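A structural walkthrough
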Amino acid sequence: MADLAKLLQGGGIGLFMFFGTYLAAKRRRTGRARAEKELPELARRFGLESKAAGPGTIGALSGNYEGYDVYVDADERPRIVVYFAAAPAVAFRTYEHEKRVPTGMTSVLTDNAAVDRFFKDRYASPERAAALHDGASTLGRLLQPFTGRWYRNVSHVSITSERLECALDFGRPSHIPKEALENLLPGAIALARFVEQAEKTGTD
């Protein structure tokens, strides 16, 4: 114990912190290298196109998956984007954005703690709002990929009439781990489909 005390007094804490920072940075660089190698494999698995990357970049995935056009950017703005064809009248965000209720929409009251806690902005057309209220328990279950293992890496999720976007942060250098994409892309598709198809005919 005396030797440990002397080490700490002699700058051991600073050395320990430096070493910890070094290991974290090395782990992120290793993760990026893995992500770059695994991108073509993920493209094949999901039936997407792997866009060639420039020097020092990973690349991107795009194409149609499960009936939706998707785009996955693993570089400067790591994100998963799912594009809607039907343009649902909805505005859900995990952060507050709207200053007032959007035209033609109403607030969505789900009475579901998980949903209301996750989405700070919740607006939709009256009919869709009623359907989302009725299907709140299903909606809550569909949030599990974003609120579970990868919760700390999800910067935000937004759902508008154009698209669902899930922004991610796995540190620098930017990348998206294979395991995260395998979980979050299908999760994004399931969530997008549920919101797009919500009708006042019962969604729960």
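Model, not experiment: these values are computed from the prediction.

Here we look at the confidence of the model for the chain
- The predicted model of the chain has a mean per-residue pLDDT of 85, with 78% of residues at 70 or higher.
- When the criterion is pLDDT under 50, residues 14–29 qualifies, and its contacts beyond four places in sequence or with other chains add up to 7 contacts.

A look at the layout of surface pockets
- The volume enclosed by the largest pocket comes to roughly 210 Å³.
- Lining the largest pocket are T94, A114, R117, F118, K120, T147, Y151, V154, S155, H156 and V157.
- Elements represented by at least two residues in the lining of the largest pocket include exactly α2 (113–118) and β8 (154–159).
- The element that contributes the greatest number of residues to the lining of the largest pocket is β8, accounting for 4 residues.
- Its residues assigned to classes, the lining of the largest pocket shows 5 nonpolar, 4 polar and 2 charged.

Notes on the sheet that holds strand β1 (residues 49–51)
- With antiparallel pairing, the 9 strands of this open sheet are ordered in space as β1-β2-β3-β4-β9-β8-β5-β7-β6. One side of each edge strand has no neighbouring strand; the edge strands of this open sheet are β1 and β6 (106–107).
- In this sheet, strand β3 (residues 68–73) lies alongside strand β2 (residues 60–65) in antiparallel orientation, the contact comprising 6 bridges. Its bridge partner lying in β3, A60 is registered against D73.

Things to note about the nonpolar core
- Counting 49 residues, the largest nonpolar core has I80, I159, L181, L185 and L191 as its most contacted members.
- Discounting chain neighbours no more than four positions away, the residues touching I159 are F84, V90, A91, F92, F119, L164, L191 and V195.

Re the packing of aromatic side chains
- Applying the stated criterion across every chain, the model contains 4 aromatic pairs.
- When the ring of F46 is compared with that of Y65, the centres are 5.1 Å apart and the planes differ by 80°; the resulting orientation is edge-to-face. Of this pair, F46 sits in helix α1 (residues 2–46) while Y65 is found in strand β2, placing the two residues 19 residues apart along the sequence.
- Overall, F46 belongs to the buried group, its relative accessible area being 5%.
- Measuring from ring centre to ring centre gives 5.0 Å for F118 and F119, while their planes differ by 85°; the resulting arrangement is edge-to-face. Each member of the pair, F118 as well as F119, carries the same accessibility label: buried.
- Through a chain of ring-to-ring contacts, three or more aromatic side chains come together here, namely F92, F118 and F119.

Structural notes on helix α3 (residues 126–134)
- Within α3 the residues assigned to the buried category are R128, A129, A131 and L132. Down the axis, α3 shows its buried residues gathered within 165° of arc, on one side only. Away from its buried face by more than 90 degrees, α3 exposes P126 and E127.
- Its buried side turned inward, α3 meets β5 (90–93), β6, β7 (121–124), α4 (136–142) and α6 (178–197).

Focus: the side chain of S62
- Here S62 shows up in strand β2.
- The class of S62 is buried, set by a relative accessible area of 12%.
- If we skip the residues at most four places from it in the chain, S62 touches L48, E49, K51, V70 and Y71.

Brief notes about unusual backbone geometry
- Between R172 and the following residue, P173, the backbone shows a cis peptide bond with an omega angle of -5°.
- Structurally, P173 is set in the loop between β9 (163–168) and α6.
- The phi angle at A87 is positive, at roughly 50°, despite the residue not being glycine.
- Tracing the backbone through its elements, the reader meets A87 in the loop between β4 (79–83) and β5.
- The phi dihedral of D111 falls on the positive side, at around 60°, and the residue is not glycine.
- Mapped onto the secondary structure, D111 falls in the loop between β6 and α2.

Criteria and thresholds
Within any chain, residue numbers begin from 1 and follow the written order of that chain's sequence. Where local features are concerned, this predicted model is filtered to residues with pLDDT of at least 70; where side-chain atom pairs are given and counted, the filter is 80 or more; whole-chain, interface and lining totals use all residues. As a rule here, side-chain values come from all non-hydrogen atoms in the structure, and water together with hydrogens is ignored. The quantity called pLDDT is the predictor's confidence in a given residue, expressed from 0 to 100. Should any heavy atoms of two residues lie within 4.5 Å, those residues are considered in contact. Each cavity reported here is a set of points on a 1 Å grid over the protein atoms alone in which a 1.4 Å probe fits but cannot get out, each pocket an open set with protein on both sides within 12 Å along at least five of seven lines, and each lining residue one with an atom within 4 Å of a point. Grid points are joined across faces, edges and corners, and a volume is the space filled by probe spheres set on the points. Only DSSP runs of H or I reaching four residues or more are called helices, and only runs of E reaching two or more are called strands; each is numbered from the N terminus. Throughout this entry, Asp, Glu, Lys and Arg are counted as charged residues, while Ala, Val, Leu, Ile, Met, Phe, Trp, Tyr, Cys and Pro are counted as nonpolar. The remaining residues, Gly among them, count as polar. Following DSSP output, two strands are said to pair if at least two bridges run between them. The definition of a nonpolar core used throughout is a set of buried Ala, Val, Leu, Ile, Met, Phe, Trp, Tyr and Cys residues joined through side-chain atoms within 4.5 Å. Only protein chains enter the accessibility calculation, which uses a 1.4 Å probe. A residue is then buried if its area is under 20% of the maximum for its type, exposed if over 50%, and partly exposed in between. Aromatic pairs are defined between Phe, Tyr and Trp rings, using the six-membered ring for Trp, whenever the two ring centres lie within 6.5 Å; interplanar angles under 30 degrees are classed as stacked, those over 60 as edge-to-face, and all others as tilted. The arc in question is the one traced by the directions running from the helix axis out to the C-beta atoms.

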